[in-house]
Amino acid sequence: MTPWLKKIHRWLGLLIGLQLVVWMLSGLMMSLFDSGEVKGKAFRAPAPARVAWPTDTLPVGQLLQQLNLSAGDVSSGWLLDEPIYKLSIGKEKRLYSARDGRALVVDAALAQRIAIGSYRGPGQAGQAELVPRSLETRAYEGKVWRVPFSDAEDTTVYLREDGSVLEHRNATWRLFDIFWMLHIMDYVGRADFNNALVVTAAIGGLWLALSGTWLLFTSFSLADFVPAGMRGKRSFKILGADGSQLRTLKAGSGETAFVAMARQGLQLPSNCGGGQSCSLCEVRVRGVAPPATASDRAMLSPAKIRDGHRLACNLPVTEGLELEIPGGAEALSQQRAKVERVTALTPSLREIVLKPEERAGAAYRPGSYIQVQVPAYRATPQMLDTTDASAAVSKAYRLPESWGNESPVRRAYSLSSPVELTDGRISLLVRFMPAPVGAAHHPPGKGSSYMHLLKPGDTVHYSGPFGDFAVQAGDREKVFIGGGAGMAPLRAMLQSLLAGGAKERLHFWYGARTVAEAPYVGEMEALAARHANFQWKLVSSEEGQGGAGNAGKLVHLAAREELLALGLDLGACDFYLCGPPAMLTATRKMLRELGVKDGQVAFDDFKI
Ligand SMILES: Cc1cc2nc3c(=O)[nH]c(=O)nc-3n(C[C@H](O)[C@H](O)[C@H](O)COP(=O)(O)OP(=O)(O)OC[C@H]3O[C@@H](n4cnc5c(N)ncnc54)[C@H](O)[C@@H]3O)c2cc1C
Ligand code: FES
C-alpha cells in the first residue's frame, strides 16, 4: 500500500499544502489586525446616553387604534431626538412619532444626519444613498442607506431603512475581509464557512495528516530506536546463479540488502540510487522469499516474483538470508577501462568504445549492460562541442550555461556490439538526455552528459556485466523492434547472430524521429545485403526518407503492417524489443493484439 499512498500523499500534499499555507497566512494576518480598527471604533460615536422616555407620548394602544392596525410587533426607540414607535407589519417596518402619531420616513437628509450622529472622525459626510445589499452589508437582507465619509480610513456608515445604524466599514475592515474570504474559502459571499470547498479541503487536510502519520510510522523500524553501535548484526550470504557461495556479509538490523551490500563494496546495479523505481537491483531469494511488496509487484513480473525475485533496495536483511545475484560477486566490484574512441553518430547518439584493463569475456553477452560510475563534475555546452553533430545538440536543446553532478551516481549502458567482434572492448551507444520537453529549466541528464563529455584517453569506472535481456537459444524466427538508444542491445544481438551464422529469418524494424537521428544505417544496409535471412527497415516518424512506405509512421505501426503483409507465423517467432518507454508499451500492446504471447517477447526498458 505504501508506494501508492506515498504518491497520493505527495500530490494531495501539493494541493492541500497550498491551501494550508493560505489558511496559516490568512489566520496569521487576521490575528495581527487590531479588532478595534477593524470595527472602526476610533471614528464611531459612543451610543447616546439613555434619556428617560417622555411622559407626554401617545400610549401605543391608542396609536394602533388611530391607525386601525393590529401590529404584530411594536417597539419603541429614538430617531435622533424624536421618541418613536416601530411597527412591523408583515415584512414592512413603519415608524411613527410617539408624541403625535405622525408617520415618519427616513429620507436621504435624515439618513445623513443619523450617520453623522454615529460618527466622530475628522471626515465630512457625503450624500446618503439607498443602495442594495452588498458584501459590506451582507448580514442584512434589505436595502440600506450608505453614507461615505472623507477620512483616511475611507469610512462608510450603513443604516437600515428604519434609520438604525447597521455597520461602520473602513479600509482596515476591507483588507481584513479579504483574509477572511481566503480563510473560509467562500470567494463569493464571504459568509459561509460550511461551503463545499472548505469542507473538501478540510477532509483532504485530515487525510493528509493521517496518511502522513501512517507513512511516518512505517518509515521507522524497531531497529531505528536502537543506537547504531548496539544493533544486532545479521549475516547473509551472496550466491552465484549456480548456487556457489560467493560472500558472507553482515547487515545492521533493518538494513536493506542493497545498502548492506554497498557498504561492504558490492554495488548492485541501480539507476535510481535505491529509490525502488529502476528494478536494476533485482536479486533472487533462495528458499522462502518474504512476501512481495507493492514496489516488487510494480517492478517485477509475476513469474519472477513467484520465483523469489525481489528488489534488493526494498529487502530487509534477515538472519541467514541467501541471495543469488546475477553475474556473481565479481560483477559488483569496480573495474576500469580507458576510452579508446568516441564517435558522434547522430546529433544525440555517440558510440563510445572502452578498452577494459581486463579484456571483456564471455559474460558480456549481447543484451547485457554495464553500470558506469558517474563522478561529480561540471559541464558547459562548449565542453560538448567537439563535433558538428554535438554542436547541433547544444543548439537544439538550448542547454544551460553550466550543469553537472554533485555526488557520484551510476547509470546503465548496454553493449552495442558483441565483445568477440571488438577484441574484448566494450562498445556503447549513448543518447544525450536533454531536459524533458516543456521543462527546459531542468539540467540535462547526469549520466548521459558525463558520457558525452568523455574523450579518448579518459578513464571510466564501471561494474558488470548485468542483465537478463538475451537472445534465446534455438533457431526460431526472430523479430527485433527498436528505437532511439534501444539500437544498442538489438545491434549487438543481430551482429552476434549473423556473425555466428544464424540461418533463421531475422527482421529488424528501427524507428527514429528523422533519418538523421538513426545510427548505423549504412551498417544495417550492408548486413542486409550480405545476409539473405536478414531484413532491415528504417522507420522515421517525421520525414519522408525512411524507406518506401516507412515515413511519417510510428515504428510499432510500420512493424504491424509489415508483419501482417509478410504473413509470418507469429506464434513461431521470438520478439526482442528495446526503445523509449512509450514505444515499448505500444509495441507490446500491438503484439498482444496480434496474438503473440508475453512469453515470446523479451524486452529491455531503459526508462528514457
Ligand atoms: C538496463 C538499461 C540499459 C540502458 N542502456 C542504455 C544505452 O545503451 N544507451 C543509453 O543512452 N541509455 C541507456 N540506458 C539509460 C541510461 O541508464 C540512463 O537512464 C540515461 O542515460 C539517462 O540518465 P541520465 O543520468 O543522463 O539522466 P538523469 O540525470 O537520470 O535524468 C533523466 C531526465 O530527467 C531530467 N531531469 C533532470 N533534473 C530533473 C528534475 N529536477 N525534474 C525533472 N526532470 C529532471 C533530465 O533532463 C533527463 O531528461 C539504459 C538503462 C537501463 C535501465
Ligand atoms: S535500486 Fe532502483 S529499484 Fe532498487
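In this text, all values refer to a predicted model and were calculated from it rather than measured experimentally.

Colleague: It is not clear to me how a nonpolar patch on the surface should be interpreted in this structure. Could you clarify?
Modeller: Among the surface-exposed residues, Trp4, Ile8 and Trp207 lie close enough to one another that they form a single nonpolar patch of about 290 Å² accessible area. The exposure class assigned to tryptophan 207 is partly exposed, which follows from its relative accessible area of 30%.

Colleague: Can you help me understand the site of ligand 1 in this one?
Modeller: Around ligand 1, a shell composed of 27 residues is seen, among which Arg411, Ala412, Pro443, Gly447 and Ser448 lie nearest. One of the backbone N or O atoms of arginine 431 is found 2.8 Å from an oxygen atom in ligand 1. Among the elements of the structure, strand E19 (409-414), strand E20 (426-431), helix H12 (446-453) and strand E26 (601-605) are those that each provide at least two residues to the shell around ligand 1. By residue number, the principal contributor to the shell around ligand 1 is E19, which donates four residues. Class assignment for the residues of the shell around ligand 1 results in 16 nonpolar, six polar and five charged.

Colleague: Honestly, the pattern of salt bridges in this entry has me stumped. Any pointers?
Modeller: A side chain of one charge can pair with a side chain of the opposite charge when the charged atoms of the two come close. Per the counting criterion, the structure on display carries 33 salt bridges. When the shortest N-O distance is used, the salt bridge between glutamate 561 and lysine 553 registers 3.0 Å. Residue glutamate 561 is classed as partly exposed on the basis of its relative accessible area of 44%. Overlapping salt bridges, with partners in common, bring together Arg284, Arg286, Asp307 and Glu324 in one network.

Colleague: Quick question: what am I supposed to make of the pairing of strand E14 (residues 335-344) here?
Modeller: Look at any regular strand and the pattern is simple: side chains alternate between the two faces of the sheet. Examined bridge by bridge, E14 and strand E21 (residues 459-466) share four bridges and lie antiparallel to one another. From the neighbouring strand, arginine 336 faces E21, where its bridge partner is histidine 461. As consecutive antiparallel partners, E14 and strand E15 (residues 349-356) are separated by four residues.

Colleague: Can you help me understand the pairing of strand E6 (residues 144-148) in this one?
Modeller: In this sheet, E6 lies alongside strand E5 (residues 129-131) in antiparallel orientation, the contact comprising three bridges. Among the inter-strand pairings, valine 131 is bridged to a residue of E6, identified as valine 144. Relative to strand E7 (residues 156-160), E6 runs antiparallel, the two being bridged by five bridges. When the bridges of E7 are listed, valine 147 appears paired with valine 157.

Colleague: What should I look at first to understand the nonpolar core in this one?
Modeller: In a soluble, globular protein the nonpolar side chains are often hidden away together inside. With 30 residues, the main nonpolar core has Phe236, Ile238, Met261, Leu268 and Leu323 as its most contacted residues. Those elements that place two or more of their residues in this core are strand E9 (233-239), strand E10 (245-252), helix H7 (257-263) and strand E11 (282-285). Here this core gets four residues from one element, more than from any other, and that element is H7. Phe480, Met493, Phe534 and Leu538 belong to the second-largest nonpolar core, a separate cluster that totals 29 residues.

Colleague: Would you take a moment to explain the sheet that holds E5 for this structure?
Modeller: Strand order in the open sheet formed by four strands is E5-E6-E7-E8, and the pairing between neighbours is antiparallel. Lying at the two open borders of the sheet, with one neighbouring strand each, are E5 and strand E8 (165-169). Averaged over all pairs of adjacent strands, the angle between strand axes in this sheet comes to 30°, irrespective of strand direction. As paired strands, E7 and E8 are joined by four bridges and run antiparallel to one another. Counterpart to threonine 156 in the pairing with E8 is arginine 169.

Colleague: Help me out: how do you make sense of the packing of aromatic side chains in this one?
Modeller: By convention here, two paired aromatic rings are described through the distance between centres and the angle between planes. Under the definition given, this model contains 13 aromatic pairs. Ring centres of phenylalanine 480 and tyrosine 576 lie 5.1 Å apart, and the angle between their planes is 20°; on these two criteria the pair is classed as stacked. Pair noted here: phenylalanine 480 is in strand E22 (residues 477-483) and tyrosine 576 is in strand E25 (residues 573-579), with a separation of 96 residues, a long-range link. Measuring from ring centre to ring centre gives 6.5 Å for tyrosine 510 and tryptophan 536, while their planes differ by 20°; the resulting arrangement is stacked. Linking tyrosine 510 in strand E23 (residues 506-512) with tryptophan 536 in strand E24 (residues 534-540), this pair joins segments that are 26 residues apart in sequence. Overall, tyrosine 510 belongs to the buried group, its relative accessible area being 0%. A network of ring pairs unites the aromatic residues Phe33, Phe176 and Phe179 as a single cluster. When the ring centre of tryptophan 173 is taken as origin, the NZ or CZ atom of arginine 169, which lies over that ring, is 3.9 Å away. Above the ring of tyrosine 520, the side-chain terminus of arginine 491 is found at 3.6 Å from the ring centroid.

Colleague: Just checking my understanding: could you explain the sheet that holds strand E1 (residues 73-79) for this structure?
Modeller: Two strands in a sheet stick together by hydrogen bonds in their backbones, pointing the same way (parallel) or opposite ways (antiparallel). Pairing in this open sheet of four strands is antiparallel, and the strands run E1-E2-E3-E4 from one edge to the other. Pairing within the sheet leaves two strands with one partner each, and these edge strands are E1 and strand E4 (103-104). With seven bridges connecting them, E1 and strand E2 (residues 82-89) associate as antiparallel partners. Within E2, the position partnered with valine 74 by the bridge is leucine 87. In the packing of helix H3 (residues 60-67) onto the sheet, contacts are made with E1, E2 and strand E3 (92-97), and the angle to E2 comes to roughly 55°.

Calculation criteria
- Residues numbered from 1 in each chain as written.
- Chains lettered and ligands numbered in written order.
- Predicted model: local features only at pLDDT ≥ 70, side-chain atom pairs only at ≥ 80, totals over all residues.
- Heavy atoms only, no water.
- Patch = residues over 30% accessible without salt bridge, like charges linked within 9 Å, V, L, I, M, F, W, Y side chains within 5 Å.
- Areas by Shrake-Rupley, 256 points an atom, 1.4 Å probe, with all protein chains shown as cover.
- Salt bridge = Lys/Arg side-chain N within 4 Å of Asp/Glu carboxyl O.
- Buried < 20%, exposed > 50% of the residue type's maximum accessible area, 1.4 Å probe, protein only.
- Near = heavy atom within 4 Å.
- Polar contact = N/O pair within 3.5 Å; in protein donor to acceptor, adjacent residues only side chain to side chain.
- Helix = DSSP H or I, 4+ residues; strand = E, 2+ residues; numbered from the N terminus.
- Nonpolar A, V, L, I, M, F, W, Y, C, P; charged D, E, K, R; others polar.
- Pairing = 2+ DSSP bridges.
- Core = buried A, V, L, I, M, F, W, Y, C linked by side-chain atoms within 4.5 Å.
- Axes fitted to C-alpha atoms, helices over the stretch in contact; angles between N-to-C directions.
- Phe/Tyr/Trp six-rings, centres within 6.5 Å; stacked < 30°, edge-to-face > 60°.
- Lys NZ or Arg CZ within 6 Å of the ring centre and 35° of its normal.
- Contact = heavy atoms within 4.5 Å.

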